[in-house]
Structure formats: structure tokens, C-alpha cells
Amino acid sequence: MGEEVKGEFEPRIIGFTCNWCTYAAADLAGTARMKYPPNIRLIRQMCSGRVDPLFVLKVFLRGADGVFIGGCHPGECHYMTGNLSARRRYSMMKKLLESVGIDPKRLRMEWISASEGIKFSDTVKEFTTQIKGLGPGPFRHIETEGKEQK
Amino acid sequence: MAKGDMYLAQASDKEILKQGESGGAVTALLKFALDSGVVDAVLGVKKRDGNNRYDAVLDLITDPEKVIDCAGSLHCVSLNIARNVKEYLDGAKQMKIAVPCKPCDARAIIEIAKRKQINRDNLLLIGLNCTGTLPPVVAKEMLIGEYDVNPNEVVMEDIEGGELIISLADGTKIAKVLLELEKKGYGRRDNCRRCNVNIPTMADIACGKWGVKEGEKKTFTEVCSDKGAEFIDNAIKTGVIKVEPPGEDAITERKRKDREAIELSNKCEAEDLKELRGFNLDDRLAYWLHMFDRCIKCFSCRDACPICYCKKCFLEPDRGYVKGGEVPPDRMFHLTRLAHDGDSCVNCGQCQDACPAEIPLTRLYLMLNIKLSPMFDYVSGMDVEQKPPLIAAKDEEASIDDIDIFLVKGEASEVVPQQ
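The rules behind these values
Residues numbered from 1 in each chain as written. Chains lettered and ligands numbered in written order. Predicted model: local features only at pLDDT ≥ 70, side-chain atom pairs only at ≥ 80, totals over all residues. Heavy atoms only, no water. Pairing = 2+ DSSP bridges. Helix = DSSP H or I, 4+ residues; strand = E, 2+ residues; numbered from the N terminus. Axes fitted to C-alpha atoms, helices over the stretch in contact; angles between N-to-C directions. Core = buried A, V, L, I, M, F, W, Y, C linked by side-chain atoms within 4.5 Å. Buried < 20%, exposed > 50% of the residue type's maximum accessible area, 1.4 Å probe, protein only. Contact = heavy atoms within 4.5 Å. Polar contact = N/O pair within 3.5 Å; in protein donor to acceptor, adjacent residues only side chain to side chain. Salt bridge = Lys/Arg side-chain N within 4 Å of Asp/Glu carboxyl O. Buried area = accessible area lost by both parts, 1.4 Å probe. Nonpolar A, V, L, I, M, F, W, Y, C, P; charged D, E, K, R; others polar. Patch = residues over 30% accessible without salt bridge, like charges linked within 9 Å, V, L, I, M, F, W, Y side chains within 5 Å. Areas by Shrake-Rupley, 256 points an atom, 1.4 Å probe, with all protein chains shown as cover. Lys, Arg positive; Asp, Glu negative; His and termini not counted. Charge placed at Lys NZ, Arg CZ, Asp CG, Glu CD. Phe/Tyr/Trp six-rings, centres within 6.5 Å; stacked < 30°, edge-to-face > 60°.

Caption draft 1: Broad picture of the sheet that holds strand E6 (residues 154-160) of chain B. All names here are of chain B. Spatial strand order, E6-E7-E8: 3 strands in an open sheet with antiparallel pairing. The strands lining the two open edges of the sheet, one partner per strand, are E6 and strand E8 (173-177). Here the strands of the sheet are splayed against their neighbours by 20° on average, with no regard to which way each runs. By the bridge criterion, 5 bridges tie strand E7 (residues 163-168) to E8 in an arrangement that is antiparallel.

What follows is the structure in C-alpha cells.
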């Protein structure tokens, strides 16, 4: 984690990315030297369908300002329907966040295939700007260090 | 006979006719189910010690002669039938059981049957119309304070046309407007106020007294499944119930009363959720965090929830989401439950009844469920074949690229209930 510039809010965004597409897209963006904000921390999953709604909730409660989920385009899932389930969960999570009072705009999902490095960097830029506009997440104040669960 | 047929039914047995409410058809059918061997047992609800109507208990009856103990309806009950079937009767996997149940019980049974914890094929669900139940202790207080009667003298309660009517042993009837009682903190259970499923058409048979003329001792019966149709057919053939077709006016009257009850529930829902809906996000979060922090982590909500079934629960410390030995528990406790059950909640209110900290859980679950239901075209607990929405991704969705397809669908219908 880079040093935060004093005075300016630097969001912490957790990105759950699919091994077969979005993670590869991020890789591509990297090797192609495309620039995107360093605010996103990627966690590689084998499939967007592996992203349990509880991951999203836990990440928010531990102080993240935004959560991004990247998966393969519908019809292109390595596991046939993993991303379709992910879309349903994502839709449910949006409403859940709204019901308990966390801004649903802090959660974003996007289909990014392995060849779409540009789409990946654009999405991250856009999402980071959006989160900057929303300000710190509701649990940002929580000190995560030293309080990690086993 | 087929699905969708309706009758006005009455028990042939004199004793049942006398003891039962509205003609005793339900009691007669339950007895017939045992007699004829359609089921091995009846899971009835009866008064404790035969006289305490404020302490109803479940009873697994195998002797046909004892079915009559369950005759008559009780309103001051909130028994957790689905959970009991799952937990203590091995999910009806070993025996066939007839279960007289309210709409929420039937829906809970269907939801948990989808999760393979109850064998729906072994159950004969005899649905009973319901417009709400009352919490027993509060009801007693209300009878003393508002009705000015001795609770033990009450022989019948009834909710009709927005009024709670009680009948005493000497024949006196006292009616009071429900909404006014509820303003004072009495009346129905919190979730019942907002429940809009009054006729249990998801059960095998739906019985009730709507559509029956005042003073007539008959039960309006609707056949809701093929299993129900076969069962009723045999019951009529054996002569345990006498049936006649209902007139057009009876059917319209039943529909009208149902609509009336739904309107009342919509009104209560708008009223109850007004505050929460009016909050901005920050206030809403503050409200819920404040509520969650009242939690003493007794796990009652989880243990009471008829839909929770994981053998290794995510709330246990070894799962890594909620740390052990912390009170109030990590906020993940309630959010986990919400994420797991929100889509399939049947608004039975068991969690809130069980909560010693009085966290208004049903409001939270309902708020979410109202939004999810139109999104996924899913009403929980209606059809055992319909999978829970989060695991029901269809093949044709693979050709839809729009990431917000469900959200857009949900928003399109959201305008209606919000008024």
C-alpha cells in the first residue's frame, strides 16, 4: 500500500477477479503499461461465481471503500454458469447493501474478458473516481491492523 | 375432483361438528387421514393440558380418536411447525405426516423442502386461512386491560374485517379495531401485521371460513394440489365430510375478504416501513448498527429460522466470519444471516419472536425481500419445484450481457408498492 497523499482521500478498493478473464485482463493492462489508479487491490478467484456475498460484506466491514467484481462475459464462463450465479448474487447484494444503509454504488461488477485490458483500466479509473466522489466507506475508520481474525 | 375445485364442507361426525370450528371439516379430514392410512401421524396444535389457549403445543397424534383434541382454532400461538418437522421428526423422511398449517408454516415447509431437509412428498399440508396470530403473553395483557375480561373465560378469538373479536363462554362477543389495539402495542405479532398471504394455496388443501355465511357451520375448502384432490375425493367417498358446491356469491365473498385483508396488510406495511424507507443511507446504517449492537449472540434467530439449515453454520467461530466470545457479536453475524436467508424469507416472524433483545429483524428481512421478489420473479415458499433465486441461473441468461438485468427489472416494479 502506497503512502497516502495528505489531505486527499485515497480509496481502498478490493477487486475480486476471475482467474480466466478479468485477472488476465489486469495482467494484460500491466504488461501493456496501461495506467490505472493503484487504489484497487486484486484478489484472484477461480471464478466470479466463487465470490460469496459474505466476502463482500466482510470486506466492507473491515474498512474497504469499494468492492469490484470482475467476471467473464455471460456464455463464456470457464465453469458454464458461474458468472450467471455471480450476477444474481451481485444483484441481491446491491439491494442488501441498500437495505442496511451502505451505498450500493460502492459495489460494482463488470464483465471483462482476458483481451479487454483497456476496459479493465478504464473501469478501475472510473470506479476509483466514483468512490472518491462518495467519500470514505462507512467502516473506513476501523483500524484493521492488529485486529485481524484468525 | 381436480386442483382448483372448491367446496363448502362439513364434518359428518356429530362430535366433531360440535367441537370443531366452522363445521369441523379440518378435524374430520385429519381424522380420516389417520383412519385411512394416508398418513402415519397428524401433527396437530392443541391447548396445553386441554384448557390453556395461551400455551399451545404441538402434538404428534397417531390415535385417530385423539385428533379431536386439536379441534377449534387458536390465535395466540406462534409455533414453529416447519422447524419442528425438520428437527424432531427427521424432516418427515421416515413417516407420512398430515400437518394443519398457516400460510407461513406451509411456505416455510416448502422452502426447507427445496433445501432437501424435509420430504414434501411425505407431508399432507392442510392449509388454514390466517389473518394473523397474537403473541400469547401480550394477548393476555390486552384481554385484561383493553377487553376487561378474564383471559381464561375466552372461548374463541377471530380476526375479521380489521377487528379482533373475542367470544366468551356465555356467548358475549366483544370486538375492537385491530389497528387501534396495535397502536397501543397490543394486537397481532409484528410480522403478521404486514403479511399478505392469507389463503394457503401453496398447501394441498386450503380451508377457511371466508365465503361461508354467518352462522353456517361449514368450511370453505379449496383443492390446491393433485395430492389434495385425491385425498378429498376419498374423504367424500367414505362420507366423513359432506360437501356442496359454493355459490358464485360465496366465491366472490371469499375473494373480497382476502382482498380486504391484503389491503390492510399493505397499509400496515407502508406504515411500519415508512420510517426505515424515509431514512437516508447513513441514518439507516446507524439505525441497524444500533439494533445489531443490542444482540447478545444467543443464536435464537438462527435456531428459530425455519430456513437456516447448514450443518456447519457460518456464524460459528471456526468459520472465520464471526469471532467467538464477543458480545455484541461482529456485525457479520446479522449480515450473514440476511445474505443467506433474505431471498427466501417467508416472513414467519420466528426470528423476531425468539429474539430476547427485540431486534426488529422481520422488518429488515421484509425490506430486502420486497425488493428481491420482483427482481427474480420469486415469491418464497410457493412452489417446491422452484429453486431459490440465487442458485437458479437459467441457461438462457448466458445470452444476456446486461449486468443490471435484475436490478432494472426490480426497479420497474418498485414504483407500485412504495406509493
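Caption draft 2: Spatial organisation of the nonpolar core. Core analysis: the largest hydrophobic core is formed by 66 residues, its most contacted members being Val56(A), Leu57(A), Met92(A), Met93(A), Leu96(A), Leu107(A) and Phe376(B). Each residue touching Val56(A), except ones within four places of it in the same chain, is listed here: Val51(A), Val67(A), Ile69(A), Met93(A) and Leu107(A). Listed in part, the 32 residues of the second largest apolar core include Leu89(B), Cys104(B), Leu123(B) and Ile307(B).

Caption draft 3: Local environment of the side chain of Gln10(B). Residue and element names in this part refer to chain B. One can find Gln10 in strand E1 (residues 6-11). On the basis of relative accessibility, which here comes to 19%, the residue Gln10 falls in the buried class. A distance of 3.1 Å separates a polar side-chain atom of Gln10 from the backbone oxygen of Lys217. What Gln10 contacts, discounting residues up to four positions off in sequence, is Leu17, Gly23, Ala25, Lys217, Lys218, Val240, Ile241 and Lys242.

Caption draft 4: The pattern of salt bridges, seen in detail. For the structure shown, the criterion picks out 46 salt bridges over all chains. Asp122(A) is paired through a salt bridge with Lys125(A); the nearest N and O atoms lie 3.9 Å apart. Here Lys125(A) and Asp122(A) lie together in helix H4 (residues 117-134), a separation of 3 residues that amounts to about one turn. Residue classification places Asp122(A) among the partly exposed residues on the basis of a relative accessible area of 37%. Relative accessible area serves as the criterion here: at 37%, Lys125(A) is assigned to the partly exposed category. A salt bridge links Arg48(B) to Asp55(B); the shortest N-O distance between them is 2.6 Å. Among the charged side chains, a network of salt bridges with common partners joins Glu182(B), Arg188(B), Asp190(B), Arg193(B), Arg194(B), Glu271(B), Asp272(B) and Arg363(B).

Caption draft 5: Local environment of unusual backbone geometry. All names here are of chain B. For the bond running from Val327 to Pro328, omega is -10°, close enough to zero to count as cis. Position of Pro328 among the secondary structure elements: in the loop between helix H11 (300-304) and helix H12 (332-341). A positive phi angle, near 55°, is found at Ala92, a position not held by glycine. Within the element layout of this structure, Ala92 appears in the loop between helix H3 (81-88) and strand E4 (97-101). Positive phi, close to 50°, is recorded for Asp377, a residue that is not glycine. Within the element layout of this structure, Asp377 appears in the loop between helix H14 (361-375) and helix H15 (405-418).

Caption draft 6: Representation of the interface of chain B and chain A in the model. Between chain B and chain A, the contact holds 44 residues from the first and 37 residues from the second. Of the roughly 3600 Å² buried at the junction of chain B and chain A (both faces included), carbon and sulfur atoms supply 64%. Across the chain B-chain A interface, the total number found is 3 salt bridges. The salt bridge involving Asp330(B) is made with Arg62(A); its shortest N-O contact spans 3.0 Å. Linking chain B to chain A there are 13 residue pairs in polar contact (both at pLDDT 80 or more). Listing elements by their share of the side of chain B that touches chain A, those giving two or more residues are helix H10 (281-292), H12, H14 and H15 of chain B. For the side of chain B that touches chain A, the per-class residue count stands at 28 nonpolar, 3 polar and 13 charged.

Caption draft 7: Quick look at a negative patch on the surface. Taken together, Asp13(B), Glu15(B), Asp63(B) and Glu65(B) make up a surface patch of like negative charges. Secondary-structure assignment places Glu65(B) in the loop between strand E3 (52-61) and H3.

Caption draft 8: A look at the packing of aromatic side chains. Enumeration over the complete set of coordinates arrives at 10 aromatic pairs over all chains. Judged by centre distance (6.0 Å) and plane angle (35°), the rings of Phe16(A) and Phe55(A) are tilted. One end of the pair, Phe16(A), is in strand E1 (residues 13-18); the other, Phe55(A), is in helix H2 (residues 53-61), and 39 residues separate them in sequence. When the ring of Tyr287(B) is compared with that of Trp288(B), the centres are 5.0 Å apart and the planes differ by 80°; the resulting orientation is edge-to-face. Per residue, the accessibility class of Tyr287(B) equals that of Trp288(B), and both read buried.

Just distances and angles here, no functional claims.
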